[in-house]
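# Structural description and commentary
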Amino acid sequence: MEIGVEKIVVIGLGLIGGSFALDIKDKRPNTLIVGIDTNSEHLLKAKELGVIDIEGTQEDIQEADWVIVAVPVDKSMNVLVDVLNKINSTAIVFDVGSTKSQICEAVKNHQNRRNFIAAHPIAGTEFSGPQAALKGLFVERTNIICEVEKTAFVFQEKALELFKQIGMRIRYMDPISHDKHIAYMSHLSHISSFMLGKTVIEEEKNERDIFDMAGSGFESTVRLAKSSPAMWTPIFKQNKNHVIKSLSEYIANLNSFKELLEQEKFEEVFTTLEETNRIKQILK
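Anyway, here's the lowdown on the structure attached to this text. Nothing here was measured: the structure is a model prediction, and the numbers come from that model. (Residues numbered from 1 in each chain as written. Predicted model: local features only at pLDDT ≥ 70, side-chain atom pairs only at ≥ 80, totals over all residues. Heavy atoms only, no water.)

A few words now on the side chain of arginine 113. Along the chain, arginine 113 turns up in the loop between helix H5 (101-107) and strand E6 (116-121). Looking at arginine 113, the relative accessible area reads 4%, which means it is buried. Here the side chain of arginine 113 touches phenylalanine 116 through a polar contact of 2.9 Å, landing on its backbone oxygen. Apart from residues lying up to four places away in sequence, arginine 113 is in contact with Val107, Lys108, Cys146, Glu147, Lys150 and Thr151. (Helix = DSSP H or I, 4+ residues; strand = E, 2+ residues; numbered from the N terminus. Buried < 20%, exposed > 50% of the residue type's maximum accessible area, 1.4 Å probe, protein only. Polar contact = N/O pair within 3.5 Å; in protein donor to acceptor, adjacent residues only side chain to side chain. Contact = heavy atoms within 4.5 Å.)

Set out below in structure tokens:
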């Protein structure tokens with residue numbers, strides 16, 4: 001490889017891995033983007049679209065300056081351990097998983113733990129695969145980093161430089177707090193979207209015209225139900241306890257609202273909606 005060229009190995013060429021590849025190529029032209037994926041069609045598509053430069057092998061991991069692990073969270077623990085076993089002493093490895101506790105636990109005693117950044121970029125769309133990759137996806141998006149103190153300072157500095165270069169904001173959090181908060185802010189919203197879609201699909205069996213009435217409100221609310229089950233099922237499994245707690249509270253609020261309607265307490269319905277309206281200020 002040409003001297004001075006950074007070798008970036010991306011394992012998992014879906015939306016997040018592909019978007020990192022596009023942004024790094026854009027901001028750091030003097031790089032070689034190497035793609036690894038168990039799906040041969042993803043490899044071909046990523047190369048065809050210019051997301052990666054070449055297909056990679058295990059030898060590329062040994063020579064990499066950076067390794068980005070962007071596979072489903074149930075696969076990432078084994079992949080990360082394997083990658084950390086193979087990297088050279090100056091390589092930087094980071095994952096992009098939506099759960100962090102089990103991943104951090106899996107590598108906590110690894111001899112190359114100092115080379116690893118446990119990251120979660122809070123960005124994405126409902127689409128998957130290399131064709132879903134977007135340049136600029138991470139601009140003004142928060143990247144949560146867990147257990148940063150376990151990463152060598154020189155690697156922290158380099159990683160922060162890269163993350164900021166592609167427009168990300170940085171937030172630090174411990175893995176347990178991360179998994180608890182993300183259950184409410186991300187995992188619960190995906191379950192809500194999936195279950196709304198399920199409810200409407202079941203009704204559509206009897207009411208064939210129901211989708212003709214779908215407006216922007218329905219479309220925006222159910223959008224996340226288009227997300228990949230292969231990605232989200234492992235997330236729900238790994239973060240099961242926090243997800244169940246958030247679901248229980250959500251279901252309690254739904255039942256409470258249902259009771260207000262049944263009892264025709266419409267002033268309380270109004271008050272509930274009005275109190276919740278302050279989310280406009282919170283999310284401004």
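Quick look at helix H9 (residues 229-238) now. Those residues of H9 that sit buried are Trp232, Pro234, Ile235 and Gln238. Seen along its axis, H9 keeps its buried residues to an arc of 165°; they face one direction. Exposed and facing more than 90 degrees away from the buried side of H9 are Pro229, Ala230, Thr233 and Lys237. On its buried side, H9 packs onto helix H4 (73-86), H5, helix H7 (175-204) and helix H10 (240-262). The opening residue of H9, the one whose side-chain oxygen lies 3.3 Å from the backbone nitrogen of alanine 230, is serine 228. (Arc of directions from axis to C-beta.)

Given 3.6 residues per helical turn, the α-helix brings residues three or four places apart onto the same face. In this model H7 runs 41 Å from its N-terminal to its C-terminal C-alpha over 30 residues, within 8% of the 44 Å that 1.5 Å per residue would give. Maximal helix bending in H7 amounts to about 50°, located at alanine 183. At the N-terminal end of H7, a side-chain oxygen is found 3.1 Å from the backbone nitrogen of isoleucine 176, two or three residues along, and the residue is aspartate 174. (Expected span 1.5 Å × (residues − 1). Bend = angle between axes of the 7 residues up to and from the residue.)

Next up on the list: the pairing of strand E8 (residues 169-173). For strand E7 (residues 142-146) and E8, the ladder comprises 5 bridges, and the chain directions are parallel. Bridge pairing in E8 places isoleucine 145 opposite tyrosine 172. Handedness of the crossover joining E7 and E8 through helix H6 (residues 153-165): right-handed. (Pairing = 2+ DSSP bridges. Right-handed = clockwise from strand over helix to strand, strands pointing away.)

What follows is about the packing of H10 against helix H11 (residues 266-276). Interhelical geometry of H10 versus H11 gives an angle of 145° and a closest axis separation of 8 Å. The two elements H10 and H11 cross, and the hand of that crossing is left-handed. Here Phe257, Leu260 and Leu261 of H10 come into contact with H11, specifically with Phe266, Glu268, Val269, Thr272 and Leu273. Along the lines of polarity and charge, the residues of the contact of H10 with H11 split into 6 nonpolar, 1 polar and 1 charged. (Axes fitted to C-alpha atoms, helices over the stretch in contact; angles between N-to-C directions. Left-handed = near helix turned anticlockwise from the far one by under 90°. Nonpolar A, V, L, I, M, F, W, Y, C, P; charged D, E, K, R; others polar.)

So, on to the pairing of strand E2 (residues 31-36). Most of E2 sits out of view: 5 of its 6 residues are buried. Following the chain from strand E1 (residues 6-11) across helix H1 (residues 15-27) to the adjacent parallel E2, one finds a crossover that is right-handed. Relative to strand E3 (residues 54-55), E2 runs parallel, the two being bridged by 2 bridges. Bridge assignment links glycine 35 to a residue of E3, and that residue is glutamate 55. The parallel pair E2 and E3 is bridged by helix H2 (residues 40-48), and the resulting crossover is right-handed.

Let us now look at the packing of aromatic side chains. In total, this model carries 5 aromatic pairs according to the counting rule given. Ring geometry for tryptophan 66 versus phenylalanine 94: centroids 6.4 Å apart, planes at 80°, classification edge-to-face. Of this pair, tryptophan 66 sits in strand E4 (residues 66-69) while phenylalanine 94 sits in strand E5 (residues 92-95), and the two are 28 residues apart along the sequence. On the basis of relative accessible area, tryptophan 66 is assigned to the buried category, the value being 3%. Their ring planes at 80° and their centres at 5.1 Å tell us that phenylalanine 94 and phenylalanine 163 sit as a pair that is edge-to-face. (Phe/Tyr/Trp six-rings, centres within 6.5 Å; stacked < 30°, edge-to-face > 60°.)

Here the focus is the nonpolar core. Judged by nonpolar contacts, the single largest core of 36 residues is most densely connected at Phe20, Ile68, Phe94, Ile117 and Phe163. Listing elements by their share of this core, those giving two or more residues are E1, H1, H2, E4, E5, E6 and H6. The element contributing the most residues to this core is H1, with 6 residues. Those residues in contact with isoleucine 68 that lie beyond four places of it in its chain are Ile8, Val9, Val10, Ile11, Phe20, Ile24, Phe94 and Val96. (Core = buried A, V, L, I, M, F, W, Y, C linked by side-chain atoms within 4.5 Å.)

Worth remembering: the numbers are spatial, not functional.
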